[in-house]
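So the chains spell out like this:
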Amino acid sequence: MIDLNLIRNQTEYVTAALARKGCVVCFDELLAKDVARRAKMAEVEGMKAKRNQVSASIPRIKKEGGDTAAVFAEMRALGDKIAELDREVADLQEQITSFVAGLPNLPDDDLLPGEKENNQVVKVYGEQPHFDFTIKNHVDLCVGLGLIDYERGVKLAGNGHWLYRGVGAQLEWALLNFFISEHLADGYEMILPPHMLGYNCGYGAGQFPKFSDEVYWIEDGAEDRKKGHFMLPTAETALVNMYAGEIVDEAKLPMKFFAYTPCYRKEAGTYRAEERGMIRGHQFNKIEMVQYAHPDHSREAFDELVAKACRLMEKLGLHFRLSKLAAGDCSASMARTYDIEVWIPSMGIYKEVSSVSNANDYQARRNNTKFRDSRTGKPAFLHTLNGSGLATSRVLPALIEQYQQADGSVVVPEVLRPFLGGLEIIK
RNA sequence: GGAAGCGUAUCGAAGUGGUCGCAACGAGCCGCACUCGAAAUGCGGUUGUCUGCAAAACAGGCACGUGGGUUCGAAUCCCACCGCUUCCGCCA
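Please read these numbers as outputs of a predicted model, since none were measured by experiment.

Focus: the sheet that holds strand 10 (residues 320-324)
Next, step 1: Pairing within the open sheet is mixed, and its 8 strands lie in the order 1-10-11-12-15-9-8-4. The sheet is open, and its two borders are formed by strand 1 (120-125) and strand 4 (189-191), each paired with just one other strand. Across the sheet, the axes of successive neighbouring strands diverge by a mean angle of 25 degrees, strand direction being ignored.
Next, step 2: Taken together, the 5 bridges between strand 1 and strand 10 define a ladder with antiparallel strand orientation. In the sheet register, Val-121 faces strand 10, and the bridge partner there is Ser-323.
Next, step 3: The sheet strands contacting helix 10 (residues 298-315) are strand 1, strand 8 (255-264), strand 9 (283-293), strand 10, strand 11 (336-344), strand 12 (349-358) and strand 15 (383-391), and the helix crosses strand 15 at an angle near 0 degrees.
Next, step 4: Lying on the sheet, helix 12 (residues 392-402) is in contact with strand 9, strand 11, strand 12 and strand 15; it crosses strand 11 at an angle near 30 degrees.

Here you go:
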């Protein structure tokens, strides 16, 4: 949520910043409503002050044997007027809040405007693997090695589902274990959150109301989504709401967490040919990192998360690149996003395996997460950051393809071997 | 699923329609005094949020789980919802 005060005081800046994100908006109507709201508020608060004064004097009037009938009549009329104005203020407030809550976050000033075409590759890691044989794609490799059973996945749950089996399941689990061990070594606290979340989590993370149709809702008898539950589309949705409504101790910042959860997404629409296999499914495994940071240090936290995600990829020995996203390609809630994209040899393209973002105070404003600022002694919104560390459903295909051998076998990266009982090659 | 009890500030806890007491009292925390220093003691301070203001100070509004209602006036009475605790039942 963008600060209403900022919209009020620096309207042109906000308008221009949103435009860089591809969001064209005019604030005239909003600002007029805001002026009207504050005027009415001043009026009704004056009335309430009077009512409070009169109410306080009533016991004294009674004590002195005075007549209260006239005062009661007057106050009843005043009360009716107050109730009416209160409704008008609440109505304006509701309109203002829902408008502002629908706006995306402001992009950081250094981001290029526009969409994907303006993304910048920051760094390329490793080199494209060279094969002196005809390579196979990950679907053929995984099926051939019995790692993934696509057909039975579809039988169980329909298109967009698969099941890992045997060494394939162990490999998936080894990746997760490897990531977990790295995060623990870095001092991050491990969290296993609920997978079914309440509406407020989606709102707080900035995913609702706009994207509430893109998650799976539980049929649990709730008559309306605001009282129901949905399957989390990423652990970020849970982690970023852990301290909602709280004022955390400044000395505890930054707070660092990671969580393993499957992620459940509708991914509505048809799949392109290039997204076959595990590239895009309705359920995939991911480890998510989240930091709660002091506003003065959130850029350092961002750099740390980016470095962590890159390091995981480097240790796996994969060829990948790091991209800084243009303003319009960052997701709605985020002020800044870097993507890690892994090379998929069979496709000849890079696919996202991690997205590291800084929401600044956008999410904290929505779910009211604050810290006490020692400089002012007052509560202030903190910054939330998140990044995949990593999504295995993209890493595994890339790994299978990049490590494939001429005979259709796959070499296991060294860092994973301890988690696979020393297994060196899958054949 | 059934029954009972309970949600008050950082924590504990009183308050069951207005005044005495504009949320008491106790602990914690911060400051000051006393002290060579500390402890003890004494005094003072210590919720959030909105509006007015460039800001601070200050003034006012709102908030006693949440939302409604009754009333001139609600922490207090009524209704609904949410959460917690205990007991019973059921269950991996």
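Quick notes on unusual backbone geometry
Residues apart from glycine generally show negative phi values, whereas peptide bonds are mostly found in trans.
Next, step 1: The omega angle of the peptide bond from Phe-208 to Pro-209 is 5 degrees, so this bond is cis rather than trans.
Next, step 2: Residue position: Pro-209 is located in the loop between helix 8 (199-205) and strand 6 (229-231).
Next, step 3: Following Gly-389, the chain continues to Leu-390 via a peptide bond in cis, the omega torsion being 0 degrees.
Next, step 4: With respect to the helices and strands, the residue Leu-390 is situated in strand 15.
Next, step 5: One non-glycine residue with positive phi stands out, namely Asn-360, at about 50 degrees.
Next, step 6: Here Asn-360 shows up in the loop between strand 12 and helix 11 (362-367).
Next, step 7: Positive phi is not limited to glycine here, since Asn-368 has a value of about 60 degrees.
Next, step 8: Along the chain, Asn-368 falls in the loop between helix 11 and strand 13 (370-372).
Next, step 9: Residue Asn-368 is classed as partly exposed on the basis of its relative accessible area of 36%.

Basis of the calculations
Numbers given for residues are sequential positions, taken from 1 along each chain in its written order. Written order determines the labels here, with chains lettered from A and ligands numbered from 1. Local features in this predicted model are restricted to residues whose pLDDT is 70 or higher, and side-chain atom pairs enter the listing and the counts only when it is 80 or higher, whereas totals over whole chains, interfaces and linings include all residues. With hydrogens and water set aside, each side-chain value is computed from the structure's full complement of heavy atoms. The rule for pairing is simple: two strands pair if DSSP sees at least two bridges between them. Helix numbering and strand numbering both begin at the N terminus, where a helix is a DSSP run of H or I of at least 4 residues and a strand a DSSP run of E of at least 2. Working convention: axes come from line fits to C-alpha atoms, limited for helices to the stretch in contact. Angles between N-to-C directions cover 0 to 180 degrees. We call two residues contacting when some pair of their heavy atoms lies within 4.5 Å. A 1.4 Å probe rolled over the protein chains alone gives each residue an accessible area, and that area as a share of the maximum for its type sets the label: buried under 20%, exposed over 50%, partly exposed in between.

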